Amino acid sequence: MTGTSPLDNPDGTKPGLAAITSEEDRAAARELIEKVATKGRGPKTGYDRDEFGYAWADNADDIPYARNGCDTRNDILQRDGTGLKYRDGSDCVVMEMTIFDPYTEKTVDWQKADASEIQIDHIMPLSYDWQMGASRWTDAKRKQISNDPLNLLAVDGSMNSSKGDSGPSSWLPPTRKIRCSYAVRFAQVALKYDLPVTAPDKATMLDQCA
């Protein structure tokens with residue numbers, strides 16, 4: 001199994017997502033999750049993916065990998081994949097790689113010809129962000145959370161599709177041992193962007209690290 005504990009990856013620049021197992025780390029995880037504020041989920045009125053900028057834009061500000069000449073999707077494939085092969089003449093566009101999906105524990109030999117087999121999950125979904133307060137943000141801040149590696153993980157495409165815009169109380173990764181780590185990453189994004197979560201979502205998150 002590959003990946004990094006979210007407790008050791010506060011900016012999201014280290015690969016993957018590893019399980020949190022020790023009692024000490026699980027206590028630290030609960031302490032972090034406890035800091036997240038709660039409120040009810042607002043209406044989805046006005047939400048559109050484009051409100052968070054052009055998909056995988058390289059021109060967000062003040063986040064890792066921004067303005068490095070490579071779009072966000074390829075940045076995350078490079079971070080999370082191994083055995084990378086690039087398009088001829090490019091040090092950005094990933095054509096082939098091997099990737100371990102922590103949600104399913106599947107190892108996937110991926111090729112760009114089957115692009116949707118691996119998708120980039122927004123840990124804290126964009127429409128969830130919108131309903132919890134991002135509808136009132138500037139365009140620049142919405143572009144940040146959409147492209148911030150802390151909020152992004154390369155995973156099995158069907159997992160990303162099944163999750164939709166669910167919070168943790170209605171969707172968790174099928175691999176149980178990764179659920180505390182998932183809850184921590186969700187909390188890290190919420191805290192960085194000063195977003196609340198719903199009370200049921202926070203309770204679920206704490207339960208994963210009990």
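To start, this report covers the structure provided alongside it. (Residues numbered from 1 in each chain as written. Predicted model: local features only at pLDDT ≥ 70, side-chain atom pairs only at ≥ 80, totals over all residues. Heavy atoms only, no water.)

The next thing to look at is the overall build of the protein chain. Along its length, the protein chain carries seven helices and five strands. Relative to a compact globule of 210 residues, whose C-alpha radius of gyration would be 17 Å, the protein chain shows 16 Å and is just as compact. Within the protein chain, the proportion of its 210 residues that are buried is 52%. Accessible area for the protein chain stands at about 9,400 Å²; split by element, carbon and sulfur atoms hold 46% of it. Looking at the protein chain, you have 26 positive and 33 negative side-chain charges, and the mean spots of the two groups are 4 Å apart. (Helix = DSSP H or I, 4+ residues; strand = E, 2+ residues; numbered from the N terminus. Rg over C-alpha atoms; globule rule 2.2 N^0.38 Å. Buried < 20%, exposed > 50% of the residue type's maximum accessible area, 1.4 Å probe, protein only. Areas by Shrake-Rupley, 256 points an atom, 1.4 Å probe, with all protein chains shown as cover. Lys, Arg positive; Asp, Glu negative; His and termini not counted. Charge placed at Lys NZ, Arg CZ, Asp CG, Glu CD.)

Attention now moves to the pattern of salt bridges. Enumeration over the complete set of coordinates arrives at 11 salt bridges. Measuring nitrogen to oxygen at the nearest pair gives 3.6 Å for the salt bridge that ties R41 to D165. Highlighted residues: R41 in the loop between helix 1 (23-34) and helix 2 (72-80) and D165 in the loop between helix 5 (157-163) and helix 6 (179-192), separated in sequence by 124 residues. Here R41 falls in the partly exposed class, since its relative accessible area comes to 32%. Taking relative accessible area as the criterion, D165 reaches 24% and is therefore assigned partly exposed. Its salt-bridge partner being K106, residue D156 comes within 3.1 Å of it at the nearest N-O pair. (Salt bridge = Lys/Arg side-chain N within 4 Å of Asp/Glu carboxyl O.)

A few words now on the state of the cysteines. Applying the stated criterion across every chain, the model contains two disulfides. Disulfide pairing places C180 opposite C209 at an S-S distance of 2.1 Å. Residues C180 and C209 are joined by a disulfide whose S-S torsion is about 105°; by sign, that bridge is right-handed. A residue pair is termed long-range when its members are at least 10 positions apart, and C180 in helix 6 and C209 in the segment after helix 7 (199-208) qualify at 29 residues. Neither residue differs from the other here; C180 and C209 are each classed as buried. (Disulfide = S-S within 2.5 Å.)

Of note, R142 is situated in helix 4 (residues 139-147). Overall, the relative accessible area of 4% leaves R142 in the buried class. Within the structure, the side chain of R142 is placed 2.8 Å from the side chain of D139, a separation counted as a polar contact. (Polar contact = N/O pair within 3.5 Å; in protein donor to acceptor, adjacent residues only side chain to side chain.)

Each pair of aromatic rings is reported with the distance of its centres and the angle of its planes. Within the structure shown, the criterion is met by nine aromatic pairs. Note on Y47 and F52: the rings are 6.1 Å apart at their centroids and 55° apart in plane angle, and the pair reads as tilted. Above the ring of W137, the side-chain terminus of K141 is found at 4.3 Å from the ring centroid. (Phe/Tyr/Trp six-rings, centres within 6.5 Å; stacked < 30°, edge-to-face > 60°. Lys NZ or Arg CZ within 6 Å of the ring centre and 35° of its normal.)

Take the pairing of strand 3 (residues 106-111) next. Relative to strand 3, strand 2 (residues 94-101) runs antiparallel, the two being bridged by six bridges. Its bridge partner being in strand 3, D101 is matched across the sheet by K106. With antiparallel pairing between neighbouring strands as the criterion, strand 2 and strand 3 make up a hairpin whose turn holds four residues, including E105 at a positive phi of roughly 65°. (Pairing = 2+ DSSP bridges.)

In this section: empty space enclosed by the protein. Enumeration over the complete set of coordinates arrives at one cavity of 30 Å³ or more. The space that makes up the largest cavity amounts to roughly 50 Å³. A57, D58, A60, I63, P64, Y65, A66, C70, T72, D75 and N147 are the residues that line the largest cavity. Tallied by class, the residues present in the lining of the largest cavity amount to seven nonpolar, two polar and two charged. (1 Å grid on protein atoms, 1.4 Å probe; cavity = no way out; pocket = protein on both sides within 12 Å on 5 of 7 lines; lining within 4 Å. Points joined across faces, edges and corners; volume = space filled by probe spheres on them. Nonpolar A, V, L, I, M, F, W, Y, C, P; charged D, E, K, R; others polar.)

Glycine aside, negative phi is the norm for most residues, and most peptide bonds take the trans geometry. Non-glycine residue W56 carries a positive phi angle of around 65°. Here W56 lies in the loop between helix 1 and helix 2. Assessed through its relative accessible area of 19%, W56 is described here as buried. Its identity is not glycine, yet D194 carries a phi of approximately 55°, on the positive side. Along the polypeptide, D194 turns up in the loop between helix 6 and helix 7. Overall, D194 belongs to the exposed group, its relative accessible area being 68%.

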